[in-house]
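One-letter residues, chain by chain:
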Amino acid sequence: MRNKSPQFWLLAAIVTLGAALRFWGLQWGLPYEYQSEEYKIVKYALRMGGGDLNPHFFEYPSLYLYVMLAVYGIYFVIGRIFGVFAGSHEFALSFVKDPTMFYLMGRVIEASCGAAMVYVTFWVGRRFYSEKTGLIAAFFVAALPDLIYVSHIFKGYMGMMILLFAFFYWCVRMSESGRTRDYVIASLFLGLAISTRYHAAPFGIVLVWAHFYRLYFAQDNVTESSWKEHGKFVLSLALIPVFFYVATPYALITPLEFWRDLGANVKVYSGITGTEGPLISRMGIAANRLYFLGDIGVPRWCAAILAGGGLAGLFAVQAKDIFLILPIVTYYFIVGGYHNPAAGY
C-alpha cells in the first residue's frame, strides 16, 4: 500500500477509529474495582515485588503477571526519582489510597494491543486475499463491541491475541519456506501466547496444518527428505512447552501448585455439574455467541452479513483457507463442550 493513497488513508482512519474506541473511557469504574479478574493480576504482580517471583497462583499463566510486575517496577523507580515515593512503603500506600494508576497502566497495555490488532487483521486479510478484504476485516475488528469491551479490561486477552497473530504469521512463513528458523519462531510465539492465557493452546492446530500444508498442498515441491521435514515439525512441537515454561517457570519448579490451580480451573468449565443442558444445547449456545460475536452482540443485519459471507465462502474453500477456518472450528467444539460456553472463550 503506497503512502498517501486512498487505501492508506482509509486504513489510517480505521486504525484510528479502533484506537479511539479502545482508549475512550479507559478509566471506567476507577478507583473502584468492578472486575475481580483485574484485581487478581494487580494483586499477584505487586506481591511478587516483595522478592518472591513465584506468584503462587496459576489460574492464569505467569507471563502477563511478570509484564505487570516490570511495569510497576518502572513506575516505582520513576516515582522514586521524582520524589513521588520515598520508598516501598509509600508506593504500597498509594495503591491502598487510590489504585487508579495501577489499573490504568494495565488497561493501556490491553487497549494498545487491541488497537494494534486492527492493523494486524488488515495485514492477514491482505496477505491471504486482497487489500479490500483486509480493509473490511480491519473495520469489523475496529468496531466489534466485544473486542472493544475486552480491550477495556486487562486480563491478557489482547496480548494473547497479538502473540497468536505473530504465531499465525510465522506459521504462514513456515508453510512457504520450510526453514527450521520459522518452525522455531512459530513455536516461540505459541508458547508465549499460552503463557499469557491458557486459551491459546488449541491454536496449535494451525502449526500442524502449516506443516502438512507445505508437504502435501503447496505448489512448490519439497526437495528435502520427508524425515528431515518431519524432524523440524517434531522439534517445533517439543519447543512449545519449553517456551511456555520459560515464561511461566514456576509451573515447572512447583508443579503441584501449578496442576492444583490449572486442574481446578479446567474442572470449573469442563466438569459436569448436573445442572447444565444437553451437549447439543450447549453447542447451540456457543454457535449463537459465535454468530453474534460475543455477549455484546452486533446488530442482526451485521451478523447475518458475516454469517452469510462465511457460509458462501465454504463453497469455494481452498487449502490455504484452512489456516483461518481450522482454529475457529477447533475452538468452537472445545468451548461448546463446556458446561457454560461463555462468550469470552
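Residues numbered from 1 in each chain as written. Predicted model: local features only at pLDDT ≥ 70, side-chain atom pairs only at ≥ 80, totals over all residues. Heavy atoms only, no water.

Student: Tell me about the confidence of the model for the chain, residues and numbers included.
Tutor: Per-residue pLDDT for the chain averages 83, and the proportion of residues at 70 or more is 82%. When mean pLDDT is taken per element in the chain, helix H9 (residues 180-194) scores highest with 95 and helix H14 (residues 279-291) scores lowest with 68. (pLDDT = per-residue confidence, 0-100. Helix = DSSP H or I, 4+ residues; strand = E, 2+ residues; numbered from the N terminus.)

Student: Please give an account of the environment of Gly-134 that cites residues and values.
Tutor: Mapped onto the fold, Gly-134 is located in helix H6 (residues 131-143). Given the relative accessible area of 0%, Gly-134 is considered buried. Counting along the chain gives 12 residues from Gly-134 to Phe-122, while the straight-line C-alpha distance between them is 4.0 Å. Excluding anything up to four places from it in sequence, Gly-134 contacts Thr-121, Phe-122, Gly-125 and Arg-126. (Buried < 20%, exposed > 50% of the residue type's maximum accessible area, 1.4 Å probe, protein only. Contact = heavy atoms within 4.5 Å.)

Student: Break down unusual backbone geometry for me, with residues and values.
Tutor: Glycine aside, a negative phi is what most residues show, and trans is what most peptide bonds show. Of note, the amide linkage connecting Leu-30 to Pro-31 takes the cis form, showing an omega dihedral of 10°. Following the sequence through the fold, Pro-31 ends up in the loop between helix H1 (6-23) and helix H2 (36-48). For His-56, which is not glycine, the phi dihedral falls at a positive 55°. With respect to the helices, strands and loops of the structure, His-56 is situated in the loop between H2 and helix H3 (63-81).

Student: Got a sec to walk through the packing of aromatic side chains? Specific residues and values, please.
Tutor: Any aromatic ring pair is given by two values, namely how distant the centres are and how the planes are angled relative to each other. Inspection of the entire model under this criterion finds 27 aromatic pairs. Where Trp-123 meets Tyr-169, the ring centres are 5.0 Å apart and the plane angle is 65°; that geometry is what we call edge-to-face. Residue Trp-123 is located in helix H5 (residues 100-128), and its partner Tyr-169 is located in helix H8 (residues 157-177); the two are separated by 46 residues in the primary sequence. For Trp-123, a relative accessible area of 18% corresponds to the buried category. Since its relative accessible area comes to 27%, Tyr-169 is described here as partly exposed. Geometrically, the ring pair formed by Phe-128 and Phe-168 is tilted, given 5.6 Å between the ring centres and 40° between the ring planes. One end of the pair, Phe-128, is in helix H5; the other, Phe-168, is in helix H8, with 40 residues separating them in the sequence. Lying across the ring of Tyr-60, Arg-197 places its NZ or CZ 4.3 Å from the centre. When the ring centre of Tyr-157 is taken as reference, the NZ or CZ atom of Arg-197 above it lies at 4.4 Å. (Phe/Tyr/Trp six-rings, centres within 6.5 Å; stacked < 30°, edge-to-face > 60°. Lys NZ or Arg CZ within 6 Å of the ring centre and 35° of its normal.)

Student: Lay out the nonpolar core with the relevant residues and their values.
Tutor: Counting 50 residues, the largest nonpolar core has Phe-167, Leu-207 and Phe-323 as the members making the most contacts within it. At 11 residues, the largest contribution of residues to this core is made by H8. Counting residues in each nonpolar core, the second largest holds 24 residues, with Phe-85, Phe-102, Met-105 and Phe-154 among its members. (Core = buried A, V, L, I, M, F, W, Y, C linked by side-chain atoms within 4.5 Å.)

Student: Talk me through the pattern of salt bridges; I want residue IDs and the actual numbers.
Tutor: Per the stated rule, a full pass over the model turns up nine salt bridges. One salt bridge in this structure joins Asp-261 and Arg-260, with 3.0 Å as the shortest N-O distance. Overall, Asp-261 belongs to the buried group, its relative accessible area being 12%. Each member of the salt-bridge network shares a partner with another, and the members are Glu-37, Lys-40 and Glu-59. (Salt bridge = Lys/Arg side-chain N within 4 Å of Asp/Glu carboxyl O.)

Student: I'd like a description of the side chain of Arg-22, backed by residues and values.
Tutor: Residue placement: Arg-22 occurs in helix H1. In this structure Arg-22 is buried but unpaired, with Glu-110 as the nearest side chain of opposite charge at 9.9 Å. A distance of 3.4 Å separates a polar side-chain atom of Arg-22 from the backbone oxygen of Gly-114. (Lys, Arg positive; Asp, Glu negative; His and termini not counted. Polar contact = N/O pair within 3.5 Å; in protein donor to acceptor, adjacent residues only side chain to side chain.)

Student: Break down H6 for me, with residues and values.
Tutor: The end-to-end C-alpha distance of H6, which contains 13 residues, comes to 19 Å, matching closely the 18 Å that a straight helix rising 1.5 Å per residue would cover. In this structure, the buried side of H6 is in contact with H1, H5 and helix H7 (145-151). (Expected span 1.5 Å × (residues − 1).)

Student: I'd like a description of a nonpolar patch on the surface, backed by residues and values.
Tutor: The grouping of Ile-74, Val-77, Ile-78, Ile-81, Phe-82 and Val-84 at the surface amounts to a nonpolar patch, some 650 Å² of accessible area in total. Structurally, the position occupied by Val-77 is in helix H3. (Patch = residues over 30% accessible without salt bridge, like charges linked within 9 Å, V, L, I, M, F, W, Y side chains within 5 Å. Areas by Shrake-Rupley, 256 points an atom, 1.4 Å probe, with all protein chains shown as cover.)

Student: Tell me what's going on with the side chain of Glu-229, and back it up with residues and numbers.
Tutor: Its place among the elements puts Glu-229 in helix H11 (residues 226-247). By relative accessible area, Glu-229 is classed as buried at 0%. Of note is the side chain of Glu-229, whose polar atom sits 2.6 Å from the side chain of Arg-214.

Student: Before we move on, could you go through the packing of H5 against H8 and cite the residues and values that matter?
Tutor: In the contact formed by H5 and H8, the axes pass within 8 Å of each other and the chain directions differ by 25°. The orientation of H5 relative to H8 falls into the category roughly parallel. Considering only the axes of H5 and H8, their crossing is left-handed. In this structure, H5 uses Glu-110, Cys-113, Gly-114, Ala-116, Met-117, Val-120, Thr-121, Trp-123, Val-124, Arg-127 and Phe-128 to contact H8, whose residues at the interface are Tyr-157, Met-158, Gly-159, Met-161, Ile-162, Phe-165, Phe-168, Tyr-169, Val-172 and Glu-176. Among the residues making up the contact of H5 with H8, the classes are represented as 15 nonpolar, three polar and three charged. (Axes fitted to C-alpha atoms, helices over the stretch in contact; angles between N-to-C directions. Parallel < 35°, antiparallel > 145°, perpendicular 65-115°, else oblique. Left-handed = near helix turned anticlockwise from the far one by under 90°. Nonpolar A, V, L, I, M, F, W, Y, C, P; charged D, E, K, R; others polar.)

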